[in-house]
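Okay, here's what each chain looks like letter by letter:
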Amino acid sequence: MKYQCPPGMKDLVSEAALFRKLENDFMETLLNSGFQEIRTPMLEAKELFCRSVGEESDIVSKEMFETLDGLVLRPENTAAIMRAVVANQSLIPSNLCYFAPQFRKERPQKGRLRQFYQYGFELIGEAAPEAEIKSLILINQLFAKWNLSQYEIQVNYLGNTEDRKKYLSVLTKFLQDNKNSLSVKSQSRLTGNVLRILDSKEELDVALLKSAPKILDYLGPESQKEWQLFLELAQLAKIKLTINPYLVRGLDYYTGVVLEVVDLSNNLGSQNALGGGGRYDGLSQALGGPALSAFGFAGGVERLILALNLSEIKTNSEKIGLISNEAETIPLFMELKNKFATLNIDINFNYTLGFKKMFKRADKINCTKVVIYGSNEREQGIVKIKDMKTGTETIVSGRLLDLDLSTLG
Ligand code: HAM
């Protein structure tokens, strides 16, 4: 039997260094901005996501990997973090961040995986609109660090429960009245959460939705005030936003401002959401915790890599290979590597292979120089250094550990 990586999942080898770099960049930015890292378990109770993301969401209704004992691989991190905060209330207030794998049993395609990484952050206990503005500034800072400029931040305001109730009845009436112009899939959603229909990408629906009522026209005075203040502050902070009155996001826990970062580079195909987030003031109480304001964002690492058009990172430091035909040399090589910790030294050669094969391997992994210290060299009291570009060999007299940096650097 041939064992393969499960569908929609990847072995990261050549991309691993790129993931490491993106994680380091992300953590450096967030930790310097007063955030604390949080790592939650990969498995959570299924019920947690039913109560937070919502029974009718795509994520919960069809995309969870479930174990026999009622646990699921987490499809996202926000609910898990709120679960951790409710269990440990000394974390209120806190700014938490993560770079972690998530799991959704989706149909795999470009930019859509079953195991994917998210970089995300949650501002727990922070009221609107400060948390929103702080988050938007951070998102722009991160993208500037990654030299990503072709993106747009779309925002909408979902209001409070009252506003949404009013809007839902108007929207439902509009959709019922125009039922025949909706796609079959959206028609079936008319009896469930009709807000989801606004997310539809079906051509028929997109055409009809252009004339659908907008939630922004149904906000009560309090929500109006908060939304306007948010827009004014964003303008003062010079944050460019695009209002998308039909942006609802597919997760039930959102309340006020929601946002989505959309890629404009065309490198992503149809999965063009680089990240998304919003306010979720009701989530703590839904999970049995205190009334708590909260706002957060998460971006997809694989989609970021697609947008940046990067597949792996090129290391520009010169690599030096160490080869020998004697096992006794290995500890000496380890010492040499420690002595020259600033150099990129590779001793991952198998002394039983013979010199020819070891040179071939050194070439394959792009060594610019190779230090040869075999039985002959040891007996003659010399070390040979081969320049892999020119093929010339330099002979240095003395023992291996006497080499100085200038001969290798
Ligand atoms: P989300 O919109 O479901 O939000 O996911 C955020 C981002 O994760 C997406 O915009 C996308 O870049 C990436 N992503 C999602 N699904 C996949 C997939 N199957 N393959 C590859 N990338 C994917 C959340 O998860 C919320 N927890 C965000 C949040 C944080 N809201 C408040 N705080």
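For the structure itself, look to the data block above.
Here goes a summary of the coordinates provided.

Conventions we followed
Starting from 1, residues in each chain are numbered consecutively following that chain's sequence as written. pLDDT decides what is reported in this predicted model: residues at 70 or higher carry local features, side-chain atom pairs at 80 or more are listed and counted, and totals for whole chains, interfaces and linings draw on all residues regardless. Hydrogens and water are ignored here; the side-chain numbers use all heavy atoms of the structure. In this text, helices come from DSSP runs of H or I with a minimum length of four residues, and strands from runs of E with a minimum of two, each type numbered from the N-terminal end. It is over C-alpha atoms that the radius of gyration is taken, and the globule rule equals 2.2 Å times the number of residues to the power 0.38. Exposure is judged per residue with a 1.4 Å probe applied to protein chains only, and the accessible area is read against the type maximum: over 50% gives exposed, under 20% gives buried, and values in between give partly exposed. Per-residue and other accessible areas follow the Shrake-Rupley method at a 1.4 Å probe size, with only the shown protein chains counted as cover for residues. Fitting a line to C-alpha atoms yields each axis, with helices limited to the stretch in contact; the angle taken between N-to-C directions then spans 0 to 180 degrees. Here the word oblique covers every angle except those under 35 degrees (roughly parallel), over 145 (roughly antiparallel) and from 65 to 115 (roughly perpendicular). Left-handed describes a crossing whose near helix is turned anticlockwise from the far helix through less than a right angle; right-handed describes the clockwise counterpart. Contact definition: two residues touch when any of their heavy atoms are within 4.5 Å. Basically, the charged four are Asp, Glu, Lys and Arg, the nonpolar ten are Ala, Val, Leu, Ile, Met, Phe, Trp, Tyr, Cys and Pro, and anything else, Gly included, counts as polar. Strands were regarded as paired on the criterion that DSSP finds at least two bridges between them.

**Re the overall build of the protein chain**
- Counting secondary structure elements, the protein chain contains 15 helices and 15 strands.
- The C-alpha radius of gyration computed for the protein chain amounts to 28 Å, which surpasses the reference 22 Å derived for 409 residues by more than 25%, pointing to a less compact arrangement than a globule.
- Projected onto the principal axes, the alpha-carbon positions of the protein chain cover approximately 90 × 50 × 40 Å.
- When each of the 409 residues of the protein chain is scored for burial, the buried share is 48%.
- Summed over all atoms, the accessible surface of the protein chain reaches about 21000 Å², with 50% contributed by carbon and sulfur.

**Looking at the packing of helix α1 (residues 16-32) against helix α5 (residues 130-145)**
- Look at α1 against α5: their axes get within 11 Å of each other, and the N-to-C directions meet at 140°. When the axes of α1 and α5 are compared, the pair comes out oblique. By crossing handedness, the relation of α1 to α5 is classed as right-handed. Contacts between α1 and α5 involve Asp 25, Phe 26, Glu 28, Thr 29 and Leu 30 from the former and Leu 138, Gln 141, Leu 142 and Lys 145 from the latter.
- The residue inventory of the contact of α1 with α5, partitioned by class, reads four nonpolar, two polar and three charged.

**Observations regarding the pairing of strand β5 (residues 115-124)**
- Of all 10 residues in β5, eight are buried; the element is thus mostly enclosed.
- Where strand β4 (residues 94-103) lies against β5, 10 bridges are found, and the strand directions are antiparallel. Looking across to β5, one finds that Tyr 98 is bridged to Gly 120.
- Summarising the sheet, β5 and strand β10 (residues 294-300) pair through seven bridges and their orientation is antiparallel. Note that in β10 the partner of Gln 118 across the bridge is Gly 300.

**Quick word on the environment of Leu 241**
- Within the secondary structure layout, Leu 241 lies in the loop between α9 (221-236) and β7 (242-243).
- Overall, the relative accessible area of 24% leaves Leu 241 in the partly exposed class.
- Along the chain, Leu 241 and Lys 214 lie 27 residues apart, while their C-alpha atoms are 18 Å from each other.
- Here Leu 241 is in contact with Leu 136, Ile 153, Val 155, Phe 230, Leu 231 and Ala 234, once residues within four sequence places are set aside.

**Some details on the environment of Gly 34**
- Within the secondary structure, Gly 34 sits in the loop between α1 and β1 (36-37).
- On the basis of relative accessible area, Gly 34 is assigned to the exposed category, the value being 55%.
- Linking Gly 34 and Glu 132, residues 98 residues apart in sequence, is a C-alpha distance of 16 Å.

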